[in-house]
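# Examination of the molecular architecture
Spelled out, the chains give:
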Amino acid sequence: MAVYDLGDVAALGVKITDANGNLANATAVVCTITLPDGTTATPTVVNTSKGVSDVTYAPPMYGRYAVRWVATGNNASAYADDFTVRDFTDLGIVSLDEVKAHLNYTYRDWE
């Protein structure tokens, strides 16, 4: 699962193969992204090379996103993935002293 910071552009892609496992184009490919609030987006899918479809998407909010690729017609298939968008200003970083206090770690004088 990929993790992005809010403001990053998520580069998403899928490889489509034929029955023999070789890269092959589908008749149509749709990418549906379900946002953390339950709404969906369907960004434009670009066929960048034989059997490879890509999307660039700028997530508008924090949380977990579900991605569903559906290829129809020739070489029909489906693929699901997800990614997370985090608030880079709230990474939960704590100091060493806070960790030691949480673990009840005390210094001892070992003269």
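Everything below is about the structure shown above.
The present account deals with the structure reproduced in this document. These numbers were taken from a predicted model, which means no experiment stands behind them. (Residues numbered from 1 in each chain as written. Predicted model: local features only at pLDDT ≥ 70, side-chain atom pairs only at ≥ 80, totals over all residues. Heavy atoms only, no water.)

## Observations concerning the pattern of salt bridges
Heads up, the rule is: By salt bridge we mean one thing: a side-chain nitrogen of Lys or Arg within 4 Å of a carboxyl oxygen of Asp or Glu. Counting from the N terminus, the helices are the DSSP runs of H or I reaching at least four residues and the strands are the DSSP runs of E reaching at least two. Each residue's exposure class comes from its accessible area (1.4 Å probe, protein chains only) as a fraction of the maximum for that residue type: buried when under 20%, exposed when over 50%, partly exposed otherwise.
Under the criterion given, the structure shown has two salt bridges. Taking the shortest distance from any N to any O, the salt bridge between Arg 86 and Asp 5 comes out at 2.6 Å. Of this pair, Arg 86 sits in strand S8 (residues 77-86) while Asp 5 sits in strand S1 (residues 2-5), and the two are 81 residues apart along the sequence. Accessibility expressed as a relative area gives 38% for Arg 86, which makes it partly exposed. Here Arg 64 and Asp 82 are joined by a salt bridge, their closest N and O atoms 3.1 Å apart. Here Asp 82 lies in strand S8 and Arg 64 lies in strand S7 (residues 63-72), a separation of 18 residues in the sequence. Take Arg 64: its relative accessible area is 49%, and that puts it in the partly exposed class.

## Remarks on the nonpolar core
In plain terms, the rule: Buried Ala, Val, Leu, Ile, Met, Phe, Trp, Tyr and Cys residues form a nonpolar core when they are joined through side-chain atoms within 4.5 Å. Whether two residues are in contact is decided by their heavy atoms: any pair within 4.5 Å suffices.
In terms of nonpolar packing, the biggest core is built from 19 residues, with Leu 12, Ile 33, Tyr 57, Tyr 65, Val 67, Trp 69 and Phe 83 touching the most fellow members. At the level of secondary structure, the elements contributing two or more residues to this core comprise strand S2 (10-15), strand S3 (28-34), strand S6 (52-57), S7 and S8. Looking at which element gives the most residues to this core, the answer is S7, with four residues. For Ile 33, the residues in contact, after removing those within four places along its chain, are Leu 12, Thr 39, Thr 40, Ala 41, Pro 43, Tyr 57, Tyr 65, Ala 66 and Val 67.

## Description of the packing of aromatic side chains
Note the following rule: Two rings belonging to Phe, Tyr or Trp (six-membered ring only in the last case) form a pair when the distance between their centres is within 6.5 Å. Interplanar angles under 30 degrees mark stacking, angles over 60 mark edge-to-face geometry, and anything in between is tilted.
For the coordinates displayed, the defined rule picks out three aromatic pairs. Here Tyr 4 and Phe 83 contribute two aromatic rings whose centre-to-centre distance is 5.5 Å and whose plane-to-plane angle is 90°, an arrangement assigned as edge-to-face. You can see Tyr 4 sitting in strand S1 and its partner Phe 83 sitting in strand S8, a full 79 residues away along the chain. Phe 83 shares its class with Tyr 4; the two are buried. Between the aromatic rings of Tyr 65 and Phe 83, the centroid separation amounts to 4.8 Å while the plane-to-plane angle is 5°, which identifies the pairing as stacked.

## Side note on the sheet that holds S6
Rule in force here: Pairing between two strands requires that DSSP report at least two bridges joining them. Fitted lines through C-alpha atoms serve as axes, helices being fitted only where they are in contact, and the angles separating the N-to-C directions of these axes extend from 0 to 180 degrees.
Reading across from one edge, S2-S6-S5 is the order of the three strands in this open sheet, with antiparallel pairing throughout. Both edges of this open sheet fall to S2 and strand S5 (46-49), since each of them pairs with a single strand only. Mean inter-strand twist for the sheet, computed between neighbouring axes without regard to direction, equals 35°. As paired strands, S2 and S6 are joined by six bridges and run antiparallel to one another. Its bridge partner lying in S6, Ala 11 is registered against Thr 56.

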